[in-house]
Every structure is written in structure tokens, then in C-alpha cells.
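# Structural description and commentary
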Amino acid sequence: MKFWALLILLALLLQEAGPASLLKKERKRREEQSPRESETYTLPHVGTDVLSLDDYHEIIDLSSYEELTDYGGQLPEVERSSVAPLARTSPPQSSMSPRTPSPSLPVTRPTEPGLRHSLTSVGLPTCLVCVCLGSSVYCDDADLEDLPPLPRTTVYLYARFNRITRVRAGDFKGLTKLKRIDLSSNLISSIDADALHLLPALQDLILSENQLAALPGLPRGIELLDARRNRLRSSGIQPEAFGVLERLQFLYLADNLLDAIPGPLPLSLRSLHLQNNKIESMQRDAFCDPAEHRHTRRLLEDIRLDRNPINLSLFPEAYFCLPRLPVGRFT
Ligand SMILES: *[C@@H]1O[C@H](CO)[C@@H](O)[C@H](O)[C@H]1NC(C)=O
């Protein structure tokens, strides 16, 4: 008797742990496949590590872990939504004729201010498909092809290792608290022009390892843009894209198809990574204003131009305002 009880318990435990540990293995496998990423992250001035520290408490803080297991209020809605699956593009209110008496479908009605039960395209509440911990939403490795509707209170969004192909104008609408978007390792080839540029609190935008040929409009307050390992061409970057971003400190565009140094660059910039692109030449004023000899860029200490065809010795007058020479091929 005891033996059977033990066996059933064990089976239940395995069922619980199974998918989670599989996901971990899968992520580990993918991380091992991209060693170049870690190469970049070990550089002394790379800000990504440092910047992500401030949200580590969100990750490690398990004091609110009970939220995860407390699905009491949410489970019945799964049943209801599987009866009437809702496409996220057509909310039930608008698709119903106004004369039809409304069947009680409280699925999308917010229960708490902010933490509404947003439904994904398969009809599940976002916080069942993703893990919502405090103000962070973790949707890593969740087989997503679209961004799920996010709770209004979301501050940090992680949706890495999915199959998202496009970011649409409405995906982040009204998310006024959002500080970090991490969509690395997806299949994103297009981002609607106004999908991101109105997010007032956004600081970190991480789009590395996707298939972007062009950058979308960027929000003014952005501090870190990581678009490494995409297919970015110089024609896909607006001429004034970065100059107006007065808080931009870290600009990572390595492993793309750029043939020119983007510019103008804001004075706030500390790191500019352009290694492994197709840059052959450089304007005299790429970094320094040749008309203003006392002009300095004290903050820009970390410029990577290695693995480009450019011969940096040909532009000796281009670096006078920099605290350090760029990394790359001289002579
Ligand atoms: C790079 O430019 C410098 C200065 O003109 C020149 O002496 C050197 O030979 C060039 N190196 C290569 C590999 O072309």
C-alpha cells in the first residue's frame, strides 16, 4: 500500500519537474552553441552584465515564489478559455453583435488593477504560459510565435529563445513602466516603426541574435541597445537614429553587415561595438569634430572595430578627442 502511494507521489513529482528541467537543458545546449556571446561579455567595459545586476533581485528574490504555485484563482479560467478560445487580435467585445446578450465571459476583466489576466493567442492567461514574478515576466523558451499580451505592470520582460518573427505596433502599447525588453535569440525580421519608440521608461533593448536588417524607431530614454548578430545594414539605420538618444551608453552592433560607422553618436556613449562588420572606411568626424579641437569624448573608452576590412592607420586625425584608440587593425 505504502509502496503504491510512494510510486504515485514519485510520478507526480516527475511530471512536475520534467518539462522544467527539459527547458533548462535546452537553454544550456543553445548557450553552449553560441560561444561568441560569452566572448563579448567578458570584455572589461561591457555594460550588459553590470546593467542586468539591478534586476537580479527580481530573479533571485524567491520571497514571492508562492505566487507561482498559487494558481487557485486562475485555473478555472483555463477551462473557460478553452471552451471559447479568444484570438488576441479580436477582443470578444468587438466581435460580438451588440444585441447578443453577453454570455458571462469575465476572462479579460482585470481582477487587480494592472495585473489583468491577459490571454495569449492559444487562449491561456499570459502568466500561465510565462512566469510572472513581481514586475518581471519570463517567457523564455516558451515556443512563442508572437508576443503575448503583457500585464500593465510589467517592468522587465524576458522572451528569449522563442520563434517570434515580428514585433507589432500594439505589442507594447500602454506599458509605461517597461524598463527592459529582452527578445534575444528569436527569428525577428521586422519591428513595426512605432512599436517601441513611445515607451517612456525603456532603458535596455536587447534584440541580439535575430534577423533584423533595419532598426526600429528607438525610445528617447534608452541606455543600452544590443542588436548583435543580426543582418543590420547601414541603410537600415536612420541617419539621426542615435544622435538624439541623450542617455545612450552602450551600443552593441557587432556581427552585422554594416559598411559604415553609424553617426552622429551621442556624447553619453561609453561603448561602441562594431566588430565583425563590413566597415572599410570612416568619416573624419566619425568620433571627433575636426573643427573643434578641444572637443572631447571622455566617456567613449570602448570602441571595437576589429574584424572589419578597415585599416585604422589611414585615419590618424579621427581619434584626437578619444580617451583611447579603437580596437582594430592599425598599420
Ligand atoms: C594601412 O595604412 C598605413 C598608413 O597609410 C600603411 O602604411 C599600411 O601599409 C596599411 N596597411 C595595410 C595592411 O594596408
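Residues numbered from 1 in each chain as written. Predicted model: local features only at pLDDT ≥ 70, side-chain atom pairs only at ≥ 80, totals over all residues. Heavy atoms only, no water.

For the rest of this paragraph, the subject is the overall build of the chain. A count of helical and extended segments in the chain gives eight helices and 11 strands. Within the span of the chain, comprising 331 residues, buried residues form 42% of the whole. Of the contacts formed within the chain by residues at least 6 apart in sequence, a portion of 50% connects residues at least 24 apart. (Helix = DSSP H or I, 4+ residues; strand = E, 2+ residues; numbered from the N terminus. Buried < 20%, exposed > 50% of the residue type's maximum accessible area, 1.4 Å probe, protein only. Contact = heavy atoms within 4.5 Å.)

Here we take up the sheet that holds strand S8 (residues 224–226). Strand order in this open sheet of nine strands is S1-S2-S3-S5-S7-S8-S9-S10-S11, and the pairing throughout is mixed. Since the sheet does not close on itself, it has two edges, and those belong to strand S1 (131–133) and strand S11 (302–304), each with one partner. Sheet twist, expressed as the average angle between the axes of neighbouring strands with direction ignored, equals 5°. Both strand S2 (residues 136–138) and strand S3 (residues 156–158) contribute to a ladder of three bridges, which runs parallel. For Ser136, the partnering residue across the bridge sits in S3 and is Tyr156. (Pairing = 2+ DSSP bridges. Axes fitted to C-alpha atoms, helices over the stretch in contact; angles between N-to-C directions.)

Counting 60 residues, the largest nonpolar core has Phe172, Ile181, Phe242, Leu272, Met282 and Phe287 as its most contacted members. Grouped together as the second largest cluster of nonpolar side chains are five residues, Tyr138, Val155, Tyr156 and Tyr158 included. (Core = buried A, V, L, I, M, F, W, Y, C linked by side-chain atoms within 4.5 Å.)

Turning our eyes to something else, we now look at the pattern of salt bridges. Here the structure, examined in full by the defined rule, presents 12 salt bridges. Arg168 serves as the salt-bridge partner of Asp146, at 2.8 Å between the closest nitrogen and oxygen. With a gap of 22 residues between them, Asp146 in the loop between S2 and S3 and Arg168 in the loop between strand S4 (166–167) and strand S5 (180–182) connect regions that are remote in the sequence. Taking the relative accessible area as the measure of exposure, Asp146 reaches 25% and is therefore partly exposed. Arg166 serves as the salt-bridge partner of Asp192, at 3.1 Å between the closest nitrogen and oxygen. Pair noted here: Asp192 is in the loop between strand S6 (190–191) and strand S7 (204–206) and Arg166 is in strand S4, with a separation of 26 residues, a long-range link. Its relative accessible area of 19% is what places Asp192 among the buried residues. Connected via shared salt-bridge partners are Asp140, Arg160 and Asp182. (Salt bridge = Lys/Arg side-chain N within 4 Å of Asp/Glu carboxyl O.)

With that settled, the discussion passes to the state of the cysteines. All chains considered together, the criterion is met by three disulfides. With a sulfur-sulfur separation of 2.1 Å, Cys130 is cross-linked through a disulfide to Cys139. Because the torsion about its S-S bond is 105°, the bridge between Cys130 and Cys139 counts as right-handed. We note that Cys130, like Cys139, is buried. In this model Cys288 forms its disulfide with Cys321; the gap between the sulfur atoms is 2.0 Å. (Disulfide = S-S within 2.5 Å.)

With that settled, the discussion passes to the confidence of the model for the chain. Here the chain averages 75 in pLDDT, and 63% of its residues register 70 or above. Predicted confidence for residues 16–26 stays below pLDDT 50, and this span has two contacts to residues more than four positions away or in other chains. Per-residue pLDDT stays below 50 along residues 31–116; that stretch engages in 96 contacts with residues further than four places along the chain or on separate chains. (pLDDT = per-residue confidence, 0-100.)

A few words now on the environment of Pro290. With respect to the helices and strands, the residue Pro290 is situated in the loop between strand S10 (271–273) and S11. Residues Pro290 and Tyr319, 29 residues apart in the sequence, show an inter-C-alpha distance of 9.8 Å. Those residues in contact with Pro290 that sit more than four places away from it in its chain are Arg284, Asp285 and Phe320.

The next subject is the site of the ligand. The environment of the ligand is formed by Asn311, Ser313, Leu314, Arg329 and Thr331. The separation between a nitrogen atom of the ligand and a polar main-chain atom of Thr331 is 3.1 Å. For the ligand, the accessible surface in isolation is 360 Å², of which the surrounding protein chains cover 38%. Here the shell around the ligand is built from residues that sort into one nonpolar, three polar and one charged. (Near = heavy atom within 4 Å. Polar contact = N/O pair within 3.5 Å; in protein donor to acceptor, adjacent residues only side chain to side chain. Areas by Shrake-Rupley, 256 points an atom, 1.4 Å probe, with all protein chains shown as cover. Nonpolar A, V, L, I, M, F, W, Y, C, P; charged D, E, K, R; others polar.)

Here we come to the packing of aromatic side chains. For the coordinates displayed, the defined rule picks out three aromatic pairs. Centre to centre, the rings of Tyr138 and Tyr158 are 5.2 Å apart; their planes meet at 10°, and the pair counts as stacked. Of this pair, Tyr138 sits in strand S2 while Tyr158 sits in strand S3, placing them 20 residues apart in sequence. Tyr138 sits in the buried class, given a relative accessible area of 15%. Residue classification places Tyr158 among the buried residues on the basis of a relative accessible area of 3%. Where Tyr319 meets Phe330, the ring centres are 5.9 Å apart and the plane angle is 70°; that geometry is what we call edge-to-face. Taken together, the residues span a long stretch of sequence, with Tyr319 in the segment after S11 and Phe330 in the segment after S11 at a distance of 11 residues. (Phe/Tyr/Trp six-rings, centres within 6.5 Å; stacked < 30°, edge-to-face > 60°.)

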